[in-house]
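Here is how the chains run, residue by residue.
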Amino acid sequence: MPSVALERLDFLTPGASDDLRDALRDASLLIQARRDRTEAAQDLFAAARADYGRLLGVLYSEGHYSAVINIRLDSREAADIAPLDAPTRIEAITVTVEPGPRFVFSRAAIAPLAPETELPEDYAAGQVARSGAIVDAAAAGVEGWRQAGHAKAAVGGQKITADHRATSLSADIALSPGPRVRFGEMTITGQERMRTRAIERIAGFPTGEVFDPDDLDLVTKRLRRTGVFRSASLTEAETLGPGDTLDVALVVAEEKRRRLGFGAEIGSFEGLTVSGYWLHRNLLGGGERLRVEGEVGGIGGESGGEDYRLGVRIDRPATFGPDTSAFTEAEVVKLTEEDFSAEALSFSFGVTRIFNERLTAELGVGFLFARVEDDAGSIDYRAMTLPTSLTWEGRDNALDPTRGLYVNAELTPFLGFSGTGTGARLWTDARGYLGFGADDRFVAAGRLQFGTVLGASIEDTPRDYLFYSGGAGTVRGQPYQSLGVNVLGGGTVRSGGRSFLGLSGELRADVTKNIGVVAFYDTGFVSAGELFGSGDWHAGAGLGLRYNTGIGPIRVDVATPVSGDTGDGVQLYIGIGQAF
């Protein structure tokens, strides 16, 4: 039986910098074997033989081309031991790596290059001759030709010469662009319930157009964003077809058809809000998505009573081209607020246009029917709406962002009937994030909310279009919807205003990997006039605790008023995800 008696492992790197030494140790299988307490002689021998190549790769990557590597197993060089003569007992291993001097490029050439090809800056005469720079330059050269339509561009040859006396490296890379290619046909496999014609419609594969690798990326993004597919991958054919055309094979794997989701949030004044949704993917085999969602709010709160919302929405992808989908939605709402109660029914249909990964626009036509009761009496609202929105999503993580910008701008013109006013509602929500410190340990976050109603008076404006301030979504520390205006009923009845401005700032800090703390300040302004005018301000501030769950942080905020006369005492908020 083989003996297992490794007593010592020495890893010596004379003349190496600290960074190089660490990189060599990280690459060594012998070091890893020692950490794993591996002592079987056969395993150690295999690791030693493999370490020559691994260590040499690290040295080349840092520009060391005259290194000397010795790996001795009980004074025997591992490279000189025949595999069939492997030792059965190893007591000591000594690894010695002498990196030697760093080489620089005496010549860094690559040709021919496609127009507008950008080579890495470190592939140039006088720069450290890292092997990675050569690889990156070759990859950039090939990609430049692919971007120009030459799908089968490749490295045609290379000549690399090391001058050890001058410690320099001469590199010449020859590229073979190949012919300019057009897209051929796309074959599809892996679908189960999804119709092939629907996949083709959604993918928008550009048959007959000049090859562009970005078009392939766009095809897979279009398929994945439908939510129907768990994965979608494209593989280019090995050889070109007739007329220098390139066929592509698409392999898809479908997601489960149904999904349930739940959420909850509680505030000391607003009470408990629970929500949920049921999602059905690929409803009719064409990628359609049905979403039914409901919400009950104000449970056990002091905001007037319980509120109910039930909505249904169907989206059909690629209805007017691969990047324009159609939707139909309807919503029923019953609100019991402190100042009024309302019942409303709305439905709309329209289109969603995805311009790129970050920019999305939506345009619809809708109808609103509502009845509102307050101290001034009862009023019915009837209106046709034209809701439009533009969204820029530049955050690195929607639930817990550390950097980036998010902007949602909405404009909803409405045409009133039967006494309802005619005008337009403008709403903007802009959020910015800046991370700093190691691994973005600290994050500064800011939010601007702005809204106004143009054209219609407060009395003639649907109540859901007016603005209040206070609560978790606007000013923490102030009671929910505590700031409005008194203009109805001769100034004795309170309602929302025609204009709102909200500003929020947060400083977030990670205490541990899963625990973070937050300090925040919110302020809000509500006016009875359009585009501001006279009105009232109030503000709140507080501290919060965050616990990262993997699906988003659990949020606990404690806040108190700092200005205004709309509230007093402490408000508590608990939910999932950052406040904004």
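Residues numbered from 1 in each chain as written. Predicted model: local features only at pLDDT ≥ 70, side-chain atom pairs only at ≥ 80, totals over all residues. Heavy atoms only, no water.

Examining unusual backbone geometry
As a rule of thumb, non-glycine residues mostly have phi less than zero, and peptide bonds are mostly trans rather than cis. Residue alanine 111 is joined to proline 112 through a cis peptide bond whose omega torsion reads -10 degrees. Tracing the backbone shows proline 112 in the loop between β5 (104-111) and α4 (131-147). The phi torsion at serine 418 lies on the positive side, around 55 degrees, for a residue other than glycine. (Helix = DSSP H or I, 4+ residues; strand = E, 2+ residues; numbered from the N terminus.)

So, a nonpolar patch on the surface
A surface patch of nonpolar side chains, amounting to about 970 Å² of accessible area, comprises Ile266, Val511, Ile515, Val517, Leu545, Tyr547, Ile554, Val558, Val570, Leu572, Ile574 and Ile576. Counting only elements with at least two residues in the nonpolar patch, the list comes to β26 (515-527), β27 (535-548), β28 (553-563) and β29 (571-576). At three residues, the largest contribution of residues to the nonpolar patch is made by β29. By the element assignment, valine 558 lies in strand β28. Take valine 558: its relative accessible area is 39%, and that puts it in the partly exposed class. (Patch = residues over 30% accessible without salt bridge, like charges linked within 9 Å, V, L, I, M, F, W, Y side chains within 5 Å. Areas by Shrake-Rupley, 256 points an atom, 1.4 Å probe, with all protein chains shown as cover. Salt bridge = Lys/Arg side-chain N within 4 Å of Asp/Glu carboxyl O. Buried < 20%, exposed > 50% of the residue type's maximum accessible area, 1.4 Å probe, protein only.)

Focus: the environment of arginine 25
One can find arginine 25 in helix α1 (residues 18-27). With relative accessibility at 29%, the residue arginine 25 sits in the partly exposed group. Put simply, arginine 25 and alanine 253 are 228 residues apart on the chain and 41 Å apart in space, counted from C-alpha to C-alpha. Leave out the neighbours within four places in its chain, and arginine 25 touches Phe11 and Ile31. (Contact = heavy atoms within 4.5 Å.)

A look at the nonpolar core
Within the largest apolar cluster, 29 residues are counted, with the highest numbers of intra-cluster contacts made by Leu24, Leu30, Leu55, Ile71, Leu73, Ile93 and Val95. It is helix α3 (residues 41-61) that contributes the most residues to this core, nine residues altogether. Those residues in contact with leucine 55, other than ones at most four positions away along the chain, are Phe11, Leu24, Ser28, Ile69, Ile71, Val95 and Val97. If you look at the next biggest cluster of nonpolar residues, it comprises 23 residues, including Phe183, Met194, Leu223 and Leu250. (Core = buried A, V, L, I, M, F, W, Y, C linked by side-chain atoms within 4.5 Å.)

Brief notes about the packing of aromatic side chains
Scanning the model with the defined rule gives 13 aromatic pairs in all. Look at phenylalanine 347 and phenylalanine 369: their rings are 6.4 Å apart centre to centre, the planes differ by 25 degrees, and that puts the pair in the stacked class. Within this pair, whereas phenylalanine 347 is found in strand β16 (residues 340-354), its partner phenylalanine 369 is found in strand β17 (residues 359-374), the two being separated by 22 residues in sequence. For phenylalanine 347, a relative accessible area of 35% gives the class partly exposed. Taking the relative accessible area as the measure of exposure, phenylalanine 369 reaches 35% and is therefore partly exposed. (Phe/Tyr/Trp six-rings, centres within 6.5 Å; stacked < 30°, edge-to-face > 60°.)

Quick word on the sheet that holds strand β2 (residues 68-73)
Reading across the sheet, the four strands line up as β1-β4-β2-β3 and stay open at both edges, with mixed pairing between neighbours. In the strand order of this sheet, the two ends are held by β1 (8-12) and β3 (76-77), each with one partner. Note that β2 and β3 share two bridges and pair antiparallel. Among the inter-strand pairings, arginine 72 is bridged to a residue of β3, identified as glutamate 77. (Pairing = 2+ DSSP bridges.)

Looking at the environment of glycine 204
Positionally, glycine 204 belongs in the loop between α5 (196-203) and α6 (213-225). On the basis of relative accessibility, which here comes to 28%, the residue glycine 204 falls in the partly exposed class. Between the C-alpha atom of glycine 204 and that of valine 219, which follows or precedes it by 15 residues, the distance is 6.6 Å. Contact partners of glycine 204, with chain neighbours within four places excluded, come to Arg222 and Pro322.

Thoughts on the pairing of strand β19 (residues 388-393)
Successive side chains on a regular strand alternate, one facing one side of the sheet and the next facing the other. Bridge analysis of β17 against β19 gives five bridges, and the strand direction is antiparallel. Counterpart to glutamate 362 in the pairing with β19 is serine 389. Strand direction decides the pairing type here: β19 and strand β20 (residues 404-417), joined by six bridges, are antiparallel. For serine 389, the partnering residue across the bridge sits in β20 and is glutamate 410.

Overview of α6
With 13 residues, α6 extends 19 Å between its outermost C-alpha atoms, agreeing within 8% with the 18 Å of an ideal straight helix rising 1.5 Å per residue. What α6 keeps buried is the set Pro213, Leu216, Val219, Thr220, Arg222 and Leu223. The secondary structure elements touched by the buried residues of α6 are α4, β8 (182-189), α5, β9 (229-236) and β10 (245-254). Measuring from the side-chain oxygen of the N-cap residue of α6 to the backbone nitrogen of aspartate 214 gives 2.9 Å; that N-cap residue is aspartate 212. Positive backbone phi, approximately 80 degrees, marks glycine 227, located one or two places after α6. (Expected span 1.5 Å × (residues − 1). Polar contact = N/O pair within 3.5 Å; in protein donor to acceptor, adjacent residues only side chain to side chain.)

Considerations on the pairing of β17
With 15 bridges joining them, β16 and β17 adopt antiparallel strand pairing. Directly across from phenylalanine 340, in β17, lies its bridge partner aspartate 374. Hairpin connection from β16 to β17: four residues lie between these consecutive antiparallel strands. Bridge count between β17 and strand β18 (residues 377-385): nine bridges; the pairing is antiparallel. Counted as the bridge partner of aspartate 374 is glycine 377 from β18.

A short note on α3
For α3, built from 21 residues, the straight-helix expectation of 30 Å at 1.5 Å per residue is met to within 8% by its first-to-last C-alpha distance of 30 Å. Where α3 bends most, at aspartate 51, the angle is about 35 degrees. Of the positions making up α3, those classed as buried are Ala41, Leu44, Phe45, Ala47, Ala48, Asp51, Tyr52, Leu55, Val58 and Leu59. Positive backbone phi, approximately 85 degrees, marks glycine 63, located one or two places after α3. (Bend = angle between axes of the 7 residues up to and from the residue.)

Things to note about the sheet that holds β5
As a general point, the strands of a sheet are linked pairwise by backbone hydrogen bonds and lie either parallel or antiparallel. Within the open sheet, the three strands sit side by side as β5-β7-β6. Their pairing is mixed. Of all the strands in the sheet, just β5 and β6 (154-163) have a single pairing partner and so form its edges. The sheet shows a mean angle of 10 degrees between the axes of neighbouring strands, taken without regard to direction. Note: β6 against strand β7 (residues 168-176), nine bridges, orientation antiparallel. Bridging across to β7, lysine 159 finds its partner in aspartate 172. Against the sheet, α4 contacts β5, β6 and β7, and its axis sits at roughly 20 degrees relative to β7. (Axes fitted to C-alpha atoms, helices over the stretch in contact; angles between N-to-C directions.)

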